[in-house]
Amino acid sequence: MKRLNKLLYNYVFFNAFPVIMIVQNLSFFFFPFLATTLIRKKNLLFKNINKIEFVVILFAIGSILSVLFSLNQPLEGSFARSLSVLPNYLYWAFLILLFSFYAKELDYALIYKAVFRGVVFTVVYFYTLSSSLGESSIFFKGLQQNIFSFILICFAPMVVFYAKDRYGQGWAVVASILIVLAGTLSGSRSGSILTLLTCFLTLYSNRLNIPQLIILAVLFLSGSLLIQLEVVKSTIFSLNERTYYIIYETEETLVTDQSYLFRLAQVEKGLGLFQENPFFGIGLNNFPYKPYNFKGDFEGFEKLKGVGDYLEQASSHNSYIGVLAEGGLFLFIPFVLIIILLLVYFIRNFRSMPDYQKPFFWGIVGMGIHLYFIFAIVNVFAWLLLAIAASTIKYNKK
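Throughout what follows, the structure given in this document is the object of discussion. As the structure is a prediction and not an experimental result, all values here were calculated from the model.

Conventions used here
Residues numbered from 1 in each chain as written. Predicted model: local features only at pLDDT ≥ 70, side-chain atom pairs only at ≥ 80, totals over all residues. Heavy atoms only, no water. Helix = DSSP H or I, 4+ residues; strand = E, 2+ residues; numbered from the N terminus. Buried < 20%, exposed > 50% of the residue type's maximum accessible area, 1.4 Å probe, protein only. Contact = heavy atoms within 4.5 Å. Areas by Shrake-Rupley, 256 points an atom, 1.4 Å probe, with all protein chains shown as cover. Polar contact = N/O pair within 3.5 Å; in protein donor to acceptor, adjacent residues only side chain to side chain. 1 Å grid on protein atoms, 1.4 Å probe; cavity = no way out; pocket = protein on both sides within 12 Å on 5 of 7 lines; lining within 4 Å. Points joined across faces, edges and corners; volume = space filled by probe spheres on them. Nonpolar A, V, L, I, M, F, W, Y, C, P; charged D, E, K, R; others polar. Core = buried A, V, L, I, M, F, W, Y, C linked by side-chain atoms within 4.5 Å. Phe/Tyr/Trp six-rings, centres within 6.5 Å; stacked < 30°, edge-to-face > 60°. Axes fitted to C-alpha atoms, helices over the stretch in contact; angles between N-to-C directions. Parallel < 35°, antiparallel > 145°, perpendicular 65-115°, else oblique. Left-handed = near helix turned anticlockwise from the far one by under 90°. Salt bridge = Lys/Arg side-chain N within 4 Å of Asp/Glu carboxyl O. Patch = residues over 30% accessible without salt bridge, like charges linked within 9 Å, V, L, I, M, F, W, Y side chains within 5 Å.

1. Remarks on the overall build of the chain
Next up, step 1: When you go through the chain residue by residue, the secondary structure sums to 17 helices and 2 strands.
Next up, step 2: Relative to its full complement of 398 residues, the chain shows a buried share of 53%.
Next up, step 3: Within the chain, counting contacts between residues at least 6 apart in sequence, those at least 24 apart form 76% of the total.
Next up, step 4: As displayed, the chain offers around 18800 Å² of accessible surface, 66% of which is attributable to carbon and sulfur atoms.

Listed below in structure tokens is the structure:
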């Protein structure tokens, strides 16, 4: 058990602190030992398969089919590019299956501890060494703003719950403020808004009843008036200009903000590529390499003409659209079903499930929203969060 817990801690910690690289993220090297240690105790793989596990298997099959059918693509190198990332997709699927089948062997308190420390290290690293390293060094990689905010969105509820359980409600509120502040100062709109949402839900969702909902409505209206004060406006502007513009100049921002318009264009491209290959897609990892003739049938498209080839060669900037275009329905449907089934389970069992399990699902709520604005599903820590949540279904049933 001591070996298992040590492997589990290191694996989770280096997912929440994913900056040390030796070809792959350091967590990858702990995974085979973690898997073999679990399997040697008792082989539970593919026994008493539930809905989530079945859908995950379909996801793995869909990724294989996408690679195989990329052989029919006229795009040069499409099969090689797809094949090069297939092991990642199979790894993510197996990660969920492993955590689900061996739910009773997982120490959730240890997982919380590893996530909490990992996120703390990540925040400190981002605001110190990351900027000086740039994209990467020999063993450390620089954290991009989007990836940093995505880590916060995924794990913020777990960090807040750990602080509350270990140090009390007051420190949990402090942890929430620090996480939201870290996301805001990074320059990410999602990092500020979604962490605020999920941290709040983690702290107060269990207490909500009719009188408290009325109080929240009053507070919301008061807050709506408060944010119109000049001192509040200037504070938000100084912390994060992009958040300021999306709050106070929403309509103008949506037709002038290049980041938003860029994502609209990539949605158009993704849907267009999907229509060309609706069942198996264009092949994994091929979205940036597939030429597309943009129509630009939306207001503000003309402002993207200056980005040139980058628009053509960039990722989808949308995990759902990216999966749909690259894997077709055979990959997209299982992918979406994994998230939907987890959230449906959460809603149905919210009152009966243990409180320590709820932050896993609040993290998925934030992640599920953010995935529409970033192609971040290729980060293993997103799949770790899904795996932890999936394990609770098997754990509670047993």
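2. Some thoughts on the environment of Phe33
Next up, step 1: For Phe33, the location among the structural elements is in helix H2 (residues 27-41).
Next up, step 2: The spatial distance from the C-alpha of Phe33 to the C-alpha of Leu7 is 7.3 Å, given a sequence separation of 26 residues.
Next up, step 3: Leaving out residues up to four positions away in the same chain, Phe33 has contacts with Arg3 and Leu7.

3. Points about the side chain of Asn15
Next up, step 1: With respect to the element layout, Asn15 can be found in helix H1 (residues 2-16).
Next up, step 2: At a separation of 2.9 Å, a polar atom in the side chain of Asn15 contacts the main-chain carbonyl oxygen of Tyr11.
Next up, step 3: If sequence neighbours within four positions are ignored, Asn15 has contacts with Ser27, Phe155, Val380, Phe381 and Leu384.

4. Notes on the layout of surface pockets
Next up, step 1: There is about 980 Å³ of room inside the second largest pocket.
Next up, step 2: As for the second largest pocket, its lining consists of 34 residues, of which Lys141, Ile147, Phe375, Val378 and Asn379 are closest to the centre.
Next up, step 3: When residues in the lining of the second largest pocket are grouped by element, the largest group, 5 residues, is from helix H4 (residues 78-101).
Next up, step 4: Residues belonging to the lining of the second largest pocket are distributed by class as follows: 18 nonpolar, 12 polar and 4 charged.

5. Re the nonpolar core
Next up, step 1: Counting residues in hydrophobic clusters, the biggest one holds 108 residues, and the most contacted among them are Tyr11, Phe99, Phe155, Phe335, Leu342 and Trp383.
Next up, step 2: Broken down by element, this core gets its largest block of residues, 14 residues, from helix H6 (residues 145-167).
Next up, step 3: Beyond its immediate stretch of four places on either side in the chain, Trp383 contacts Phe59, Trp92, Leu95, Ile96, Phe335, Ile338 and Ile377.

6. Some remarks on the packing of aromatic side chains
Next up, step 1: Tallying each qualifying case throughout the model produces 39 aromatic pairs.
Next up, step 2: Look at Phe346 and Phe361: their rings are 4.9 Å apart centre to centre, the planes differ by 5°, and that puts the pair in the stacked class. Linking Phe346 in helix H15 (residues 319-348) with Phe361 in helix H16 (residues 358-370), this pair joins segments that are 15 residues apart in sequence.
Next up, step 3: Taken together, the ring pairs in this structure connect Tyr9, Phe13, Phe14, Phe17, Phe30, Phe121 and Tyr125 into an aromatic cluster.

7. Quick word on the packing of H15 against helix H17 (residues 380-397)
Describing two packed helices takes the angle between their axes plus the distance from one axis to the other.
Next up, step 1: Taken N-terminus to C-terminus, the directions of H15 and H17 make an angle of 50°; their axes are 11 Å apart at the nearest point. Put simply, H15 runs oblique to H17. Here H15 runs over H17; the crossing is left-handed. Here H15 contributes Phe335, Ile338, Ile339, Leu342 and Tyr345 to the contact with H17, which in turn contributes Trp383, Leu386, Ala389, Ala390, Thr392, Ile393 and Asn396.
Next up, step 2: Across the contact of H15 with H17, the residue classes tally to 10 nonpolar, 2 polar and no charged.

8. Concerning unusual backbone geometry
Next up, step 1: Of note, Phe46 is a non-glycine position whose phi angle comes to about 65°, a positive value.
Next up, step 2: Tracing the chain through its elements places Phe46 in the loop between H2 and helix H3 (51-69).

9. A closer look at the pattern of salt bridges
Next up, step 1: Evaluation of the coordinates by the stated rule reveals 3 salt bridges.
Next up, step 2: Across the pair Lys394 and Glu53 runs a salt bridge whose closest N-O atoms are separated by 2.7 Å. In this pair, Lys394 is assigned in helix H17 and Glu53 in helix H3, connecting sequence segments 341 residues apart. Considered together, Lys394 and Glu53 belong to a single accessibility category, that of buried residues.
Next up, step 3: Note that Asp355 is salt-bridged to Lys358, the shortest N-O span being 3.1 Å.
Next up, step 4: Note on Lys358: relative accessible area 5%, which makes it buried.

10. Re a nonpolar patch on the surface
Next up, step 1: On the surface, Tyr127, Tyr167, Trp171, Val174, Leu178, Leu181 and Leu185 cluster together into a nonpolar patch covering about 690 Å² of accessible area.
Next up, step 2: Here the nonpolar patch gets 5 residues from one element, more than from any other, and that element is helix H7 (residues 169-185).
Next up, step 3: Along the chain, Leu185 falls in helix H7.

On their own, these measurements won't tell you what the molecule is for.
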